[in-house]
Amino acid sequence: MSVLDDIIAGVREDLQARRQVVGLGRLQELIASRPPALDAWAALGGDDSPRAALKIIAEVKRRSPSKGALAEIADPASLARSYADGGAAVISVLTEQRRFGGSLADLDAVRAAVNIPLLRKDFTCDPYQIWEARAHGADLILLIVAALTDGELSEFLALGHELGMNVLVETHTSEEVRRAVAAGARIIGVNVRNLKTLDVDRSVFGALAGLIPAGAIIVAESGVRNTDDVRHYASHGANAVLVGEALVSDAAPRERIGAFTAAGAAAVSAAGLASADEAVR
């Protein structure tokens, strides 16, 4: 059993327990009382021309299978406010409990604290989780291609859009990029962490990003340690980077986001000048 298979087995058990407490009808009632989802597509620079500066998706993340404990995060709302004040375009909240130490309570706390789009970061394997995400205030959900059949990917994408949310579709290989594009994904993540070994290979990003059609938002996932990594992803076509560990382990996450944003802007500008020079030649 792979790491992903093991995580999803636990996710299925936990969601069945939640479903017994809160039925689908109750989630639908909660959604009906909520304002519409915020526009994560626009927040991430969708439809901007020329290309917008690199955006930061800042993550509330306590643990990971690869690194173990990262940060206690006793007050996720306070951390989220720091992220928003620092200029994050979207805040990602990990809600998976067994491996990442997250919860829907974290999502609720962050939703009450900030007014920018929220990504519910979890291992979506059942439509119930999509209704649940919107009921708890998420504006964006994650679908991992490696965890879903083509039918599930299309069905879950459609449900997310029906509920007014945007969908980040995560890929790890060229075949997964092909499947994401075929399903109609417009926000496509390239995760450079190998799901079998959990190793990070940043060189994967450029190769896969080049397969994603123009007009999509490309999100670099995993491996952001410093401004050099941000510049690397930006120079290879990233529209946004998702950052967790480097922010939750930093004593000044607000300032770190500012540094990442500036590094991304410089890389985008340099890439634009290089393209202009090439066109002249």
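In what follows, the structure referred to is the one given above.
Residues numbered from 1 in each chain as written. Predicted model: local features only at pLDDT ≥ 70, side-chain atom pairs only at ≥ 80, totals over all residues. Heavy atoms only, no water.

J.: Quick question: what am I supposed to make of the environment of Met 165 here?
T.: Assignment of secondary structure puts Met 165 in the loop between helix 7 (150-162) and strand 7 (166-171). Expressed as a C-alpha distance, the spacing of Met 165 and Ile 144, which sit 21 residues apart in the sequence, is 16 Å. The contact partners of Met 165, leaving out residues within four places of it in the chain, are Ala 37, Ile 130, Arg 134, Ala 138, Asp 139, Leu 140, Ile 141 and Gly 160. (Helix = DSSP H or I, 4+ residues; strand = E, 2+ residues; numbered from the N terminus. Contact = heavy atoms within 4.5 Å.)

J.: Where do I start with the packing of aromatic side chains in this structure?
T.: Both the distance between ring centres and the angle between the ring planes are used here to describe each pair of aromatic rings. Within the structure shown, the criterion is met by two aromatic pairs. On the basis of an interplanar angle of 70 degrees and a centroid distance of 5.1 Å, the ring pair of Phe 205 and Tyr 233 is categorised as edge-to-face. Of this pair, Phe 205 sits in helix 9 (residues 203-209) while Tyr 233 sits in helix 10 (residues 227-235), and the two are 28 residues apart along the sequence. The same class applies to Phe 205 as to Tyr 233, namely buried. (Phe/Tyr/Trp six-rings, centres within 6.5 Å; stacked < 30°, edge-to-face > 60°. Buried < 20%, exposed > 50% of the residue type's maximum accessible area, 1.4 Å probe, protein only.)

J.: Sorry if this is basic, but what is going on with the pairing of strand 7 here?
T.: For a regular strand, side-chain orientation follows a simple rule: the groups alternate between the two sheet faces. Counting buried positions over the six residues of strand 7 gives six, a clear majority of the element. Here strand 7 shows a buried face lined by Asn 166, Leu 168 and Glu 170 and a second buried face lined by Val 167, Val 169 and Thr 171. Following the chain from strand 6 (residues 140-144) across helix 7 to the adjacent parallel strand 7, one finds a crossover that is right-handed. Each parallel crossover has a hand, and the one from strand 7 via helix 8 (residues 174-183) to strand 8 (residues 187-191) is right-handed. (Right-handed = clockwise from strand over helix to strand, strands pointing away.)

J.: Mind showing me how you'd approach the sheet that holds strand 1 (residues 55-60) here?
T.: The strand order around the closed barrel formed by eight strands is 1-4-5-6-7-8-9-10, and the pairing between neighbours is parallel. Taking each pair of neighbouring strands and ignoring which way they run, the sheet shows an average axis angle of 25 degrees. Set on the sheet, helix 7 makes contact with strand 6 and strand 7; between it and strand 7 the angle comes to about 150 degrees. (Pairing = 2+ DSSP bridges. Axes fitted to C-alpha atoms, helices over the stretch in contact; angles between N-to-C directions.)

J.: What exactly am I supposed to notice about the pairing of strand 5 (residues 118-121) here?
T.: Residue alternation in strand 5 divides its side chains into two sets, Leu 118 and Arg 120 and Leu 119 and Lys 121, and both sets are buried. One ladder, built from four bridges, connects strand 4 (residues 90-94) with strand 5; its direction is parallel. Along strand 5, the bridge assignment pairs Ile 91 with Leu 118. With helix 5 (residues 104-113) bridging strand 4 and its parallel neighbour strand 5, the resulting β-α-β unit is right-handed.

J.: For this particular structure, what's the right way to read the pattern of salt bridges?
T.: As a working rule, side chains carrying opposite charge can pair if their charged atoms are close by. Considering all chains together, one arrives at 19 salt bridges under this definition. The closest approach of N and O atoms between Lys 67 and Glu 245, which form a salt bridge, is 3.0 Å. Residue Lys 67 is found in the loop between strand 2 (63-64) and strand 3 (68-69), and its partner Glu 245 is found in helix 11 (residues 245-248); the two are separated by 178 residues along the sequence. Judged by its relative accessible area of 49%, Lys 67 is partly exposed. Classification of Glu 245 by relative accessible area gives partly exposed; the value is 30%. For the salt bridge of Asp 139 with Arg 134, the shortest nitrogen-to-oxygen distance reads 3.8 Å. According to the relative accessible area criterion, Asp 139 is buried, its value standing at 1%. Through salt bridges that share partners, Arg 18, Arg 120, Asp 122 and Glu 132 make up one connected network. (Salt bridge = Lys/Arg side-chain N within 4 Å of Asp/Glu carboxyl O.)

J.: For this particular structure, what's the right way to read helix 6 (residues 127-135)?
T.: Residue pairs spaced three or four apart in an α-helix point in one direction, given the helix's 3.6 residues per turn. Across the nine residues of helix 6, eight count as buried, placing the element largely inside the fold. Within the span of helix 6, buried status applies to Tyr 128, Gln 129, Ile 130, Trp 131, Glu 132, Ala 133, Arg 134 and Ala 135. The backbone nitrogen of Tyr 128 lies 2.8 Å from a side-chain oxygen of the residue at the head of helix 6, namely Asp 126. Among the residues trailing helix 6, Gly 137 stands out with phi positive, at a value near 95 degrees. (Polar contact = N/O pair within 3.5 Å; in protein donor to acceptor, adjacent residues only side chain to side chain.)

J.: How should the packing of helix 2 (residues 24-32) against helix 6 be read in this particular structure?
T.: As a packed pair, helix 2 and helix 6 sit with axes 8 Å apart at the nearest point and diverge in direction by 35 degrees. The chirality of how helix 2 crosses helix 6 is left-handed. Residues Leu 24, Leu 27, Gln 28, Leu 30 and Ile 31 of helix 2 pack against Tyr 128, Trp 131, Glu 132, Arg 134 and Ala 135 of helix 6. (Left-handed = near helix turned anticlockwise from the far one by under 90°.)

J.: How do you make sense of the nonpolar core when you look at a structure like this?
T.: Taken as a class, soluble globular proteins show a tendency for nonpolar side chains to be buried jointly. In this structure, Tyr 83, Ile 91 and Phe 205 are the most contacted members of the largest nonpolar core, which totals 67 residues. Contact partners of Ile 91, with chain neighbours within four places excluded, come to Ala 58, Val 60, Ala 80, Tyr 83, Ala 84, Val 110, Val 114, Ile 116, Pro 117, Leu 118 and Leu 119. Counting 25 residues, the second-largest nonpolar core is a separate cluster that includes Ile 8, Val 90, Ile 217 and Leu 242. (Core = buried A, V, L, I, M, F, W, Y, C linked by side-chain atoms within 4.5 Å.)

J.: Got a minute to help me understand the side chain of Lys 121 in this structure?
T.: Positionally, Lys 121 belongs in strand 5. Residues contacting Lys 121, with those up to four places away along its chain left out, are Glu 59, Ser 92, Val 93, Leu 94, Thr 95, Glu 96, Leu 142, Glu 221 and Leu 242.

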